[in-house]
Amino acid sequence: MSFGFFGFFRFFGFFRFFGPFALCGLLALGGCSSVAHGREAAHREASYLPLAVGALWRYAITTEDGRRGTGSVSVDGIDYGGSSGAVPEYRVREDLLDGTVWTWDDREAGRVAVEQKEIDDPTGTVVEEETYDPPLTVIDEHAERLAAGAKWPEAFLDTTPNAKGRPKSKRAEVKWEVEAAADPVSVPAGTFTCLRLRRGQKHHPPLISWYAKGVGLVKQEGAGPLGDQTLALVQARLP
């Protein structure tokens, strides 16, 4: 992974706010780790996107121009972001056909949202970076947004560094729709009953995602840097 413009500040924020306390925190939490792990496991079973460090999903990939290949999505670890550099976020890596997409996702109040995205080409060079304020929804698990037919808009500030590394911001909006609450989907990993979500954004291909509870992303159309890849789950490995 290349160290992009936003990545530097995320790295610096971790050590500025947590470096002196990291070891002490780990020792203090050791006694309650088994309880915490039990709660996390129960939460993952009930979630449509069970994020956990070490989780891995493998996919068969096809593109609109007929190319085929394989890819994966993995939760590499936890970093710290937010305006203070103190918010724990899952570092998610997507290895697709045209490079790697990194996102930093947090789970809060029944919602998974992404604060930052970085796209690297096959050589590892950063070709695109974005941050979202407020963080952009990946999936909202509130009951009213899991019902078939639910629709809602989401506005945010999209910030990218320009050629000189100076951030440039613009307002943007996506529109969400729950197309189905119990859609049966067959992929190489099997047949799953899925929540089907559509995310639309001006000047972008629609992103259609199928999520199965306790499994995660089963299928996705409009994936990848160009929005031209379809992912079909081959294997899910959850810790």
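To be clear, the structure that these remarks concern was listed above.
Residues numbered from 1 in each chain as written. Predicted model: local features only at pLDDT ≥ 70, side-chain atom pairs only at ≥ 80, totals over all residues. Heavy atoms only, no water.

A.B. asks: Mind laying out the side chain of E141, listing which residues take part and the relevant values?
C.D. replies: In this structure, E141 sits in the loop between β6 (126–140) and β7 (151–161). Among the polar contacts listed, one links the side chain of E141 to the side chain of S47, at a separation of 3.1 Å. At 3.1 Å, the side chain of E141 forms a polar contact with the side chain of R107. Setting aside anything within four residues of it in sequence, one finds E141 in contact with S47, Y48, L49, R107, G110 and L146. (Helix = DSSP H or I, 4+ residues; strand = E, 2+ residues; numbered from the N terminus. Polar contact = N/O pair within 3.5 Å; in protein donor to acceptor, adjacent residues only side chain to side chain. Contact = heavy atoms within 4.5 Å.)

A.B. asks: How would you sum up the pattern of salt bridges? Please name residues and give values.
C.D. replies: Enumeration over the complete set of coordinates arrives at 13 salt bridges. In this structure, E154 engages R111 in a salt bridge whose closest nitrogen and oxygen atoms are separated by 3.5 Å. Of this pair, E154 sits in strand β7 while R111 sits in strand β5 (residues 111–120), and the two are 43 residues apart along the sequence. An identical accessibility class is assigned to E154 and R111; each is buried. Several salt bridges converge on common partners, so that one network encompasses E179, D183, R196 and R198. (Salt bridge = Lys/Arg side-chain N within 4 Å of Asp/Glu carboxyl O. Buried < 20%, exposed > 50% of the residue type's maximum accessible area, 1.4 Å probe, protein only.)

A.B. asks: Give a detailed account of the environment of E179, specifying residues and quantitative values.
C.D. replies: Topologically, E179 is positioned in strand β8 (residues 167–187). Sequence spacing of E179 and K151 is 28 residues, and the spatial spacing of their C-alpha atoms is 9.1 Å. The contact partners of E179, leaving out residues within four places of it in the chain, are R196, R198 and I208.

A.B. asks: Tell me about the nonpolar core, and name the residues and values.
C.D. replies: Within the largest apolar cluster, 41 residues are counted, with the highest numbers of intra-cluster contacts made by Y59, I139, F192, V218 and L233. It is β8 that contributes the most residues to this core, 6 residues altogether. Excluding its chain neighbours within four sequence positions, the residues that come into contact with F192 are D183, P184, V185, V187, A212, V215, V218 and L233. (Core = buried A, V, L, I, M, F, W, Y, C linked by side-chain atoms within 4.5 Å.)

A.B. asks: Summarise the sheet that holds strand β1 (residues 56–63); cite the residues concerned and give the values.
C.D. replies: Read around the barrel, 12 strands follow the order β1-β2-β3-β4-β5-β6-β7-β8-β9-β10-β11-β12 and close on themselves; strand pairing throughout is antiparallel. Each strand axis lies, on average, 25° off the axis of its neighbour in the sheet, ignoring direction. Looking at chain direction, β5 and β6 are connected through 9 bridges and run antiparallel. Considered in β6, the bridge of E118 is made with E129. (Pairing = 2+ DSSP bridges. Axes fitted to C-alpha atoms, helices over the stretch in contact; angles between N-to-C directions.)

A.B. asks: Residue-level account of the packing of aromatic side chains, with values.
C.D. replies: A complete count under the given rule lists 2 aromatic pairs for this structure. Centre to centre, the rings of Y132 and F156 are 5.6 Å apart; their planes meet at 80°, and the pair counts as edge-to-face. Linking Y132 in strand β6 with F156 in strand β7, this pair joins segments that are 24 residues apart in sequence. Take Y132 and F156: they sit in the same class, and that class is buried. Ring plane angle 15° and centroid distance 6.1 Å describe the contact between W152 and W176, whose orientation is recorded as stacked. Linking W152 in strand β7 with W176 in strand β8, this pair joins segments that are 24 residues apart in sequence. Residue W176 is classed as buried on the basis of its relative accessible area, which comes to 6%. If you follow K219 out to its NZ or CZ, it ends over the ring of W210, 4.9 Å from the centre. (Phe/Tyr/Trp six-rings, centres within 6.5 Å; stacked < 30°, edge-to-face > 60°. Lys NZ or Arg CZ within 6 Å of the ring centre and 35° of its normal.)

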